[in-house]
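# Topology and contacts: notes
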Amino acid sequence: MRLIDILLGRRRLTLTEAERALVFRKGRITAILGAGEHALRRKDVVERHVISNAVVVSEFSDAVWRERPDLAAAHMTELRTGADEIAIVSRDGRLSDVLSPDTRCVVWTDAGPWTVERINMADGLEVPRALGDRLVRARLTGAMTVIEVAESDVGLLFVDGALTETLTAGTHRFWTVGRKLYTKMVDLRWRAHDVTGHEILTKDRVTLRVNLAADFRVTDPVRAVTAVKDFEDALHRALGLAFRKTLGALTLDALLADKMAVDAEAANAVRAEMAEIGVEVGAIALKDVILPGEMRDILTGVVAAEKEAEANVIRRREETNATRSLLNTAKVMADNPVMLRLKELEALETIAGRVDRLTVNSGTDGLLNDIARLRD
């Protein structure tokens, strides 16, 4: 056989079950060979392929389909998708690939069997849950995006810049090929917003800074996101402007006297304005009033003077009460000599307790008289 092949100008090619070969003669495709031994001319060009790789990777594949569609159809399977179509390709019952829109793929038919599930994206971008789970298990998630929405949130889905859907809590999957998806998460819980260091000029031209706080929650996420660029920034401005207008009409003394009345006066305007963009505002508080340094020193001096005056009044009152008590005691002693003698004995006892030795020469009367003279 070898001698005959040499005489006839042939050569032998052996292919296994896992191989295929493209044969070109004088630059044209002449055959696609399967498993077995094949006799070829010596000048034939052979391109061998391993079909376990499934996809036909050859610079001549398009030429084969164009020039010899009969050969291509016998050994290859062409997969195509439309402009709004996604193809889920399964190989021998297992997911193999996901084809994007306007995609062409050529695979070896014998590497199958092949099945294709086509999905029209015009019917919706959401991936069915069962299919999404299969794609995740097969690690074929390149054509879809996964969006997780927390229990306390809602997700606003924008497709190519347009709001298309409101997502509830849970896991959502969408096809992203050929589309630009963006999700805005909105928290529906009550939250606190602080406005710190907001400068205000009072009616008596005193510049001070105030710290404000407000509780709020989003009741209409679509309006809150689409009506303004940033609803929290809108709340910040509304609080600042409302309190600037209200506090600017008060004097410093009135402001410091009753902060809670100021809160109630400004709250209605803020709540009405924010309700128009789907935000509910709860409690609003004026937490701190911060005075400039020189004004703080002045008020500290005023408070200190007021407290000193109150202390002086209290001292005078106590002195008056003590004098009145002494006068009453004197009147009692003048009318009752026994009481006077008792007081004298108490004074003598006090003096005796403070000296080491006491000598009495002329009795109690003489001692008391001497003490009185010494005191004078």
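This report concerns the structure included in the present document. Here the residue numbering is sequential within each chain, running from 1 through the sequence in written order. Local features in this predicted model are restricted to residues whose pLDDT is 70 or higher, and side-chain atom pairs enter the listing and the counts only when it is 80 or higher, whereas totals over whole chains, interfaces and linings include all residues. To obtain the side-chain values, all non-hydrogen atoms of the structure were used and water was disregarded.

## Considering the overall build of the protein chain
Secondary structure elements are defined from DSSP: runs of H or I of at least 4 residues count as helices, runs of E of at least 2 residues count as strands, and each element is numbered from the N terminus. A count of helical and extended segments in the protein chain gives 11 helices and 18 strands. Classification of the 376 residues of the protein chain by burial places 32% in the buried group. Note on areas: these come from Shrake-Rupley sampling with a 1.4 Å probe, and a residue is covered only by the protein chains present in the view. If you sum the accessible surface of the protein chain, you get close to 23400 Å²; carbon and sulfur atoms cover 52% of it. Type-normalised accessible area, obtained with a 1.4 Å probe on protein chains alone, sets the label of each residue: buried when under 20%, exposed when over 50%, and partly exposed for intermediate values.

## Points about the pattern of salt bridges
A side chain with one charge can pair with a side chain of the opposite charge if their charged atoms come near. The term salt bridge refers to a pairing of a side-chain nitrogen on Lys or Arg with a carboxyl oxygen on Asp or Glu at a separation within 4 Å. Applying the stated criterion across every chain yields a total of 15 salt bridges. The salt bridge involving E19 is made with R48; its shortest N-O contact spans 3.0 Å. One end of the pair, E19, is in strand β2 (residues 19-25); the other, R48, is in strand β5 (residues 45-50), with 29 residues separating them in the sequence. The closest approach of N and O atoms between D110 and R20, which form a salt bridge, is 2.6 Å. Taken together, the residues D110 in the loop between β9 (104-108) and β10 (114-120) and R20 in strand β2 connect sequence positions 90 residues apart. Judged by its relative accessible area of 6%, R20 is buried. Via salt bridges that share partners, D62, E78, R80 and R104 belong to a single interconnected network.

## Thoughts on the sheet that holds β2
Only when DSSP finds a minimum of two bridges between them are two strands counted as paired. In spatial order, the strands read β3-β2-β5; together these 3 strands make up an open sheet with antiparallel pairing. Edge positions in the open sheet fall to β3 (28-33) and β5, since each of these has one partner strand only. Each strand of the sheet is rotated relative to its neighbour by a mean of 20°, with strand direction disregarded. The angle between two axes is taken between their N-to-C directions and runs from 0 to 180 degrees, where each axis is a line fitted to C-alpha atoms and a helix contributes only its stretch in contact.

## Here we look at the nonpolar core
Most often, soluble globular proteins have nonpolar side chains that are buried together. By nonpolar core we mean a set of buried residues, namely Ala, Val, Leu, Ile, Met, Phe, Trp, Tyr and Cys, connected to one another through side-chain atoms within 4.5 Å. F231, L239, F243, V270, M274 and I284 are the most contacted members of the largest nonpolar core, which has 34 residues in total. For this core, the elements supplying multiple residues, two or more each, are β12 (153-159), β16 (191-201), β17 (207-218), α5 (221-226), α6 (231-248), α8 (259-275) and β18 (279-290). Considering every element that reaches this core, the biggest residue donor is α6, with 8 residues. Counting 22 residues, the second-largest nonpolar core is a separate cluster that includes I51, A87, W108 and W114.

## A look at the sheet that holds β16
Pairing in this open sheet of 3 strands is antiparallel, and the strands run β16-β17-β18 from one edge to the other. With one partner strand each, in any of the chains shown, β16 and β18 form the two edges of the open sheet. When strand polarity is set aside, the average angle formed by the axes of neighbouring strands in this sheet is 25°. Alignment of β16 against β17, held across 9 bridges, turns out to be antiparallel. What sits directly across from I200, in β17, is L208. Lying over the sheet, α6 contacts β16, β17 and β18, oriented at roughly 40° with respect to β16. Contact definition: two residues touch when any of their heavy atoms are within 4.5 Å.

## What about the pairing of strand β8 (residues 94-99)?
Where strand β7 (residues 85-91) and β8 come together, 5 bridges link them in antiparallel fashion. Opposite A87, over in β8, you have L99 as the bridge partner. Count of turn residues in the β7/β8 antiparallel hairpin: 2 residues, of which D92 carries a positive phi of about 55°.

## A closer look at the environment of G282
With respect to the helices and strands, G282 occurs in strand β18. Placed 66 residues apart in sequence, G282 and F216 show a C-alpha to C-alpha distance of 5.6 Å. Sequence-distant contacts of G282, defined by excluding residues within four places in its chain, comprise W190, D215 and R271.

## Some words on unusual backbone geometry
The omega torsion of the bond from G112 to P113 falls at 15°, within 30 degrees of zero and hence cis. Mapped onto the fold, P113 is located in the loop between β9 and β10. One non-glycine residue, A54, lies in positive phi territory at about 65°. With respect to the helices and strands, the residue A54 is situated in the loop between β5 and α2 (61-67). Owing to a relative accessible area of 6%, A54 belongs among the buried residues under this scheme. Phi is positive for R139, which is not a glycine, with a value near 60°. Residue placement: R139 occurs in the loop between α4 (129-137) and β11 (144-149).

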